[in-house]
Amino acid sequence: MTDARPLGLFDSGLGGVSVLREIRALLPGEDVIYCADSGYAPYGDKPLALIEARSLELCDFLLTQGAKALVIACNTATAAAAQAIRRQWPAVPVIGMEPAVKPATAATKTGVVGVLATSGTIESARFAALLDHFGQGVQVVTRPGQGLVEHVERGDFSSLALRDLLAGHLRCLTDAGADVIVLGCTHYVFLRPLAEQLLGPTIKLIDTGAAVARQVQRRLLEAGRLSDRSGGGRDAFWCSGDGARVTQALCALWPPGSTPQVLPASACMAGASALWPGVDIHEDC
Ligand code: DGL
């Protein structure tokens, strides 16, 4: 059985594009609708009840657009809303994500793992359960990445202010002895090159984007909902908030980091179309 309907992804903003690019690489034939809730970003310091309500609204929107499965491309929204989403739509495959504590505990040599995530994720019951499960036998040090999401949402990946902010967050983890740091927020994945520069080669960074893409593939296969196409998948973007600003920041993330080509802002959407088969941007989901 195959299914040509699109996959629905959402995040508090553009962070989930880091997950989208992994899905795009693994499943090039799938159409995707991406919803950036940039008008409400950041989620990380908002009450869980608000994030849950927003998440349900976004999922409802994605399903109205014909989504065959829902990907919560956000650690914070998964912690706040995955249960409620699954309860609300029990027949829809829902794929969430959480910080990669398990592979990090296997990779550490110092026995100290650092987790950089939002305070919403770090303080959640879901994260506590994750530590109970996989954090045994190692020390897990957490650090809320206060302020980082705002830089990514602005399309800033390299300013001096960001560099200082990120360096301070990372130092808290390395000073505690961490030799492996989990990027536990999808926005932070876009800061990986800067983090690598700041940390040097001895500290390992781990994120979950590729694992989430594999899980999406597995769940679609089980449900008989994979597309039968081997390429040509289209990406449609929707956002809340300031569409022009989101479009500009998206251009900075586009095309995906794996390609070295840098496109001038005016041409970047056309260039993206050539690299990724289809891109449409809409406002106000
Ligand atoms: N990108 C999100 C995450 O993975 C949320 C960031 C935020 O809005 O605070 O947790």
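Once a new chain begins, its residue numbering starts again from 1 and follows that chain's sequence as written. Where totals are concerned, whole chains, interfaces and linings use all residues; where local detail is concerned, this predicted model gives features only for residues with pLDDT of at least 70, and gives and counts side-chain atom pairs only at 80 or more. Derived side-chain values reflect all non-hydrogen atoms in the structure, with water molecules and hydrogen atoms excluded from consideration.

Considering the sheet that holds strand β8 (residues 204-206)
Then step 1. Strands sit in the order β6-β5-β7-β8 across an open sheet of four strands; the sheet is parallel. Strands at the two margins of the open sheet, each flanked by one partner only, are β6 (139-144) and β8. In this sheet, neighbouring strand axes are inclined to one another by 25° on average, regardless of whether the strands run parallel or antiparallel.
Then step 2. Each of β7 (180-183) and β8 touches helix α9 (residues 192-199); the most contacted strand, β8, lies at about 160° to it. Between any two strands, at least two bridges found by DSSP are needed for them to pair. The helix count covers DSSP runs of H or I at least four residues long, the strand count covers runs of E at least two residues long, and both are numbered beginning at the N terminus. An axis is simply a line fitted to the C-alpha atoms; with a helix, the fit covers only the stretch in contact. Between two such axes, the angle follows the N-to-C directions and lies from 0 to 180 degrees. Every residue pair with non-hydrogen atoms within 4.5 Å of one another is taken to be in contact.

Details of the pattern of salt bridges
Then step 1. What counts as a salt bridge is simple: a side-chain nitrogen of Lys or Arg found within 4 Å of a carboxyl oxygen of Asp or Glu. All told, the structure shown has ten salt bridges when counted by the stated rule.
Then step 2. When the shortest N-O distance is used, the salt bridge between R126 and E98 registers 3.1 Å. With R126 in helix α6 (residues 125-134) and E98 in the loop between β4 (94-95) and α4 (101-107), the pair connects residues that are 28 residues apart, well separated along the chain.
Then step 3. In this structure R126 comes out as partly exposed when scored by relative accessible area, which is 31%.
Then step 4. Here E196 makes a salt bridge to R192, at a shortest N to O gap of 3.2 Å. For every residue, the accessible area obtained with a 1.4 Å probe (protein chains only) is divided by the maximum for its type, and the residue is called buried under 20%, exposed over 50%, and partly exposed between those limits.

Focus on helix α8 (residues 160-175)
Then step 1. Taking 1.5 Å per residue as the helical rise, α8 with its 16 residues ought to reach 22 Å, and the 22 Å between its terminal C-alpha atoms agrees with that figure.
Then step 2. Within α8 the residues assigned to the buried category are L162, L166, A167, H169, L170 and L173.
Then step 3. Those residues of α8 hidden inside the fold are in contact with β5 (112-117), β6, α7 (148-153), β7 and α9.
Then step 4. Positive backbone phi, approximately 105°, marks G177, located one or two places after α8. The length a helix should cover is 1.5 Å for every residue beyond the first.

Let's talk about the site of the ligand
Then step 1. What makes a residue near a molecule or strand is one non-hydrogen atom of that residue sitting within 4 Å of it. Near the ligand, the surroundings consist of 13 residues, among which S12, Y43, G44, T76 and H187 are the closest.
Then step 2. Within the side chain of D11, one N or O atom sits 3.0 Å away from a nitrogen atom of the ligand.
Then step 3. Within the side chain of T76, an N or O atom sits 2.5 Å from an oxygen atom of the ligand.
Then step 4. Accessibility throughout is a Shrake-Rupley quantity obtained with a 1.4 Å probe, and a residue counts as covered only by protein chains that appear here. For the ligand, whose accessible area on its own is 300 Å², the fraction buried by protein is 99%.
Then step 5. Residue polarity follows a fixed list, in which Ala, Val, Leu, Ile, Met, Phe, Trp, Tyr, Cys and Pro are nonpolar, Asp, Glu, Lys and Arg are charged, and the others, Gly among them, are polar. When grouped by side-chain class, the residues that make up the shell around the ligand number five nonpolar, seven polar and one charged. Under the rule applied, a polar contact is a pair of N or O atoms within 3.5 Å (in protein, one hydrogen donor and one hydrogen acceptor; residues adjacent in sequence only if both atoms are side-chain atoms).

With respect to the confidence of the model for the chain
Low pLDDT means the predicted atomic positions in that stretch should not be read closely.
Then step 1. A residue's pLDDT is simply how confident the predictor is in it, with values from 0 to 100. Across the chain, the average pLDDT comes to 88, with 89% of residues at or above 70.
Then step 2. Here residues 256-278 is a poorly scored stretch, pLDDT under 50, and it has 30 contacts once near neighbours within four places are set aside; other chains count.

Looking at the environment of V94
Then step 1. Here V94 is to be found in strand β4.
Then step 2. The spatial distance from the C-alpha of V94 to the C-alpha of C59 is 9.9 Å, given a sequence separation of 35 residues.
Then step 3. When sequence neighbours within four positions are dropped, the list of residues in contact with V94 reads L70, I72, I85, R86 and R219.

Here we look at the nonpolar core
Then step 1. In this structure, L7, L9, I23 and V216 are the most contacted members of the largest nonpolar core, which totals 49 residues.
Then step 2. If we skip the residues at most four places from it in the chain, L7 touches I23, E30, D31, V32, I33, A67, K68, A69, V71, V216 and L220.
Then step 3. Here the nonpolar core consists of buried residues drawn from Ala, Val, Leu, Ile, Met, Phe, Trp, Tyr and Cys, with membership extended through side-chain atoms lying within 4.5 Å. Listed in part, the 24 residues of the second largest apolar core include C35, L56, A77 and A80.

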